[in-house]
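Survey of secondary and tertiary structure
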There are 2 protein chains.
Amino acid sequence: MQNLEKILEHNHIKPTAMRLLVLQFLLNKKVAISLTDVENHFDQSDRTTLYRTLNTFVEKGISHKIDDGTGITKYALCEENCHCEIDTDLHLHFHCTKCNETVCITEYKIPPIHLPKDYIAENVNLVVKGICEKCNNK
Amino acid sequence: MQNLEKILEHNHIKPTAMRLLVLQFLLNKKVAISLTDVENHFDQSDRTTLYRTLNTFVEKGISHKIDDGTGITKYALCEENCHCEIDTDLHLHFHCTKCNETVCITEYKIPPIHLPKDYIAENVNLVVKGICEKCNNK
DNA sequence: CAAATAATGCACTTCCGTTGCATAGGGTTT
DNA sequence: AAACCCTATGCAACGGAAGTGCATTATTTG
Ligand SMILES: [Mn+2]
Ligand SMILES: [Mn+2]
Ligand SMILES: [Zn+2]
Ligand SMILES: [Zn+2]
């Protein structure tokens, strides 16, 4: 897939072998993944390299970090036209307590949050825990 | 303050010396505090005892844990009539990126969250980051 | 090819939360 | 008072995960 190389190059990331594999992995998964997930998937690779790969992806804007409250940082690819940095375009994340998977919910925007006077919101993290659609239909 | 003892006893917590001091500390602080905060405040006390004290308070329902996204668990006393366990009564938390303090925003309820079909929400964690009222007025 | 630059791999650290276990305290029973 | 019980406490150690330092390897550039 030359597509993968294009994605990386377009975002000023050198398309190394490892990076292409990690990108592939992220594309295939439809859920947010942790460093350990990637590590387990690529058996003979180094954790640090994967760690830095994931962070490079975040810095360069092709994926975003997710704090789903589990204490384990998750990563997911950004959608087209995603502006993770900008408050107005943030989406919520859903963490299923049954299958333990975390997904981006991009269909619905985060509703406007009311704050007391003189508070300035710069960023919002909204995590909903519960039962996901898959687990609910079993 | 015999008040403190009453609070603990009323919640089936034996009012030991340490617990009274920690409760006092929590009452005085208007912001969420971390284990390290308590540890630093009571110089010659043991980290584990404080850790278990804070968790006892949470288990017995007089305070709640806060995951504000900093990676450090915070604790704050529940308000009167607080039902932290129940989804509908949750409040949002605000983390100031300037003074690094986290506060409970109990004035406003968390707005209803829309989820895709077949998703069941059991719990919501909403953390807003930005500039707090105090820092904004300096 | 040589030099510069960037990515990788290994070891190690730090931070925080958590647990095991032995001891001390406080109240109750004999 | 002594023996007893149950809980709280203190010390030590563990564990997971994020992050760093540095030497090595790969890749680009002159
Ligand atoms: Mn997402
Ligand atoms: Mn709160
Ligand atoms: Zn699920
Ligand atoms: Zn502030």
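Sequence order sets the numbering: in each chain, residues are counted from 1 along the sequence as written. Chain A is the first chain written and ligand 1 is the first ligand written, with later ones labelled in order. Note on the predicted model: pLDDT of at least 70 is required for a residue's local features to be given, and 80 or more for side-chain atom pairs to be given and counted; whole-chain, interface and lining totals, by contrast, use all residues. Only hydrogens and water are set aside; all other atoms, that is, all heavy atoms of the structure, feed into the side-chain values.

1. Examining the protein's contact with DNA strand C
If you check the shell around DNA strand C, you find 15 residues, and the closest are T16, T49 and R52 of chain A together with Y51 and T73 of chain B. Near the protein, within 4 Å, the atoms of DNA strand C are sugar or phosphate in 66% of cases. Polar contact is the term for a pair of N or O atoms within 3.5 Å; when the atoms are in protein, one must be able to donate a hydrogen and the other to accept it, and sequence-neighboring residues count only if both atoms are side-chain atoms. T16 of chain A places a polar side-chain atom, nitrogen or oxygen, 2.8 Å from a phosphate oxygen of DNA strand C. Note that a phosphate oxygen of DNA strand C is positioned 2.9 Å from one of the side-chain N or O atoms of T49 of chain A. Think of it this way: any DSSP run of H or I at least four residues long counts as a helix, any run of E at least two long counts as a strand, and we number them from the N terminus. For the surface near DNA strand C, the elements supplying multiple residues, two or more each, are helix 2 (17-28) and helix 4 (47-59) of chain A together with helix 4 (47-59) of chain B. We call a residue near a given molecule or strand whenever any one of its heavy atoms falls within 4 Å of it.

2. Examining helix 4 of chain A
Residues and elements named next belong to chain A. Between its first and last C-alpha, helix 4 extends 18 Å over 13 residues, near the 18 Å set by a 1.5 Å rise per residue. For helix 4, the set of buried residues is L50, T53, L54, N55, T56 and F57. One side-chain oxygen at the N-terminal end of helix 4 lies 3.1 Å from the backbone nitrogen of T48; it belongs to D46. Looking one or two places after helix 4, you find G61, whose phi comes out positive at around 90°. For a helix, the expected span equals 1.5 Å multiplied by the number of residues minus one. For the exposure calls, accessible area comes from a 1.4 Å probe over protein chains only, and a residue counts as buried if that area is under 20% of its type's maximum, exposed if over 50%, partly exposed in between.

3. Some remarks on the interface of chain A and chain B
Listed by partner, the interface residues are 34 residues for chain A and 34 residues for chain B. Across the chain A/chain B interface, buried area totals approximately 2800 Å², and carbon plus sulfur atoms make up 62% of it. We define a salt bridge as a side-chain nitrogen of Lys or Arg found within 4 Å of a carboxyl oxygen belonging to Asp or Glu. Along the contact surface separating chain A from chain B lie 0 salt bridges. For the pair chain A and chain B, the interface holds 12 residue pairs in polar contact (both at pLDDT 80 or more). At the level of elements, strand 4 (91-96), strand 5 (102-109), strand 6 (120-131) and helix 5 (133-136) of chain A are the ones that each hand at least two residues to the side of chain A that touches chain B. Per element, the largest residue contribution to the side of chain A that touches chain B is 12 residues, and it comes from strand 6 of chain A. Gly is placed with the polar residues, together with every amino acid not listed as nonpolar (Ala, Val, Leu, Ile, Met, Phe, Trp, Tyr, Cys and Pro) or charged (Asp, Glu, Lys and Arg). Its residues assigned to classes, the side of chain A that touches chain B shows 19 nonpolar, 8 polar and 7 charged. Strand pairing is assigned whenever DSSP identifies at least 2 bridges connecting the two strands. Across 11 bridges, the pairing between strand 6 of chain A and strand 6 (residues 120-131) of chain B is antiparallel. The residue bridging V124 of chain A from the neighbouring strand is V128 of chain B, located in strand 6 of chain B. Residues are treated as being in contact if the distance between any of their heavy atoms lies within 4.5 Å. Two parts placed together each lose some accessible area under a 1.4 Å probe, and adding up what both lose gives the buried area.

4. Re the sheet that holds strand 3 (residues 73-77) of chain B
Residues and elements named next belong to chain B. If you trace the 3 strands from one edge of the open sheet to the other, you get 1-3-2, paired in antiparallel fashion. The open sheet has two edge strands with one neighbour each: strand 1 (33-34) and strand 2 (63-67). Sheet analysis places strand 1 next to strand 3, joined by 2 bridges and oriented antiparallel. Its bridge partner lying in strand 3, I33 is registered against Y75. In this analysis an axis means a line fitted to C-alpha atoms, helices contributing only their contacting stretch, and an angle means the value between N-to-C directions, from 0 to 180 degrees. Taken strand by strand, helix 2 (residues 17-28) contacts strand 1 and strand 3, and its axis lies near 85° from that of strand 3.

5. Observations concerning the coordination of the manganese ion (ligand 1)
Octahedral metals with six donors have ideal donor angles of 90 or 180 degrees. Tetrahedral metals with four donors have an ideal donor angle of 109.5 degrees. Residues and elements named next belong to chain A. Excluding water, the donors of a metal are its N, O and S neighbours within 2.8 Å, or within 3.2 Å for Na, K and Ca, and that exclusion means sites may look incomplete. Within the first shell, the manganese ion (ligand 1) binds the protein through H64 (NE2), H91 (NE2), H93 (NE2) and C104 (SG), at distances of 2.0 to 2.3 Å. Here the donor residues for the manganese ion (ligand 1) map to a single chain with the spacing H-x26-H-x1-H-x10-C. Residue H91 is found in strand 4, and its partner C104 is found in strand 5; the two are separated by 13 residues along the sequence. Classification of H91 by relative accessible area gives buried; the value is 13%. A relative accessible area of 24% means that C104 is categorised as partly exposed.

6. Points about the protein's contact with DNA strand D
Among the 14 residues in the neighbourhood of DNA strand D, the closest are listed as Y51 of chain A together with T16, R19, T49 and R52 of chain B. In the interface set of DNA strand D, defined as its atoms within 4 Å of the protein, sugar plus phosphate atoms amount to 65%. In the model, a phosphate oxygen of DNA strand D is placed 2.9 Å from a nitrogen or oxygen of the T16 of chain B side chain. Every element with two or more residues in the surface near DNA strand D is listed here: helix 4 of chain A together with helix 2 and helix 4 of chain B. Residue composition of the surface near DNA strand D, grouped by class: 4 nonpolar, 5 polar and 5 charged.

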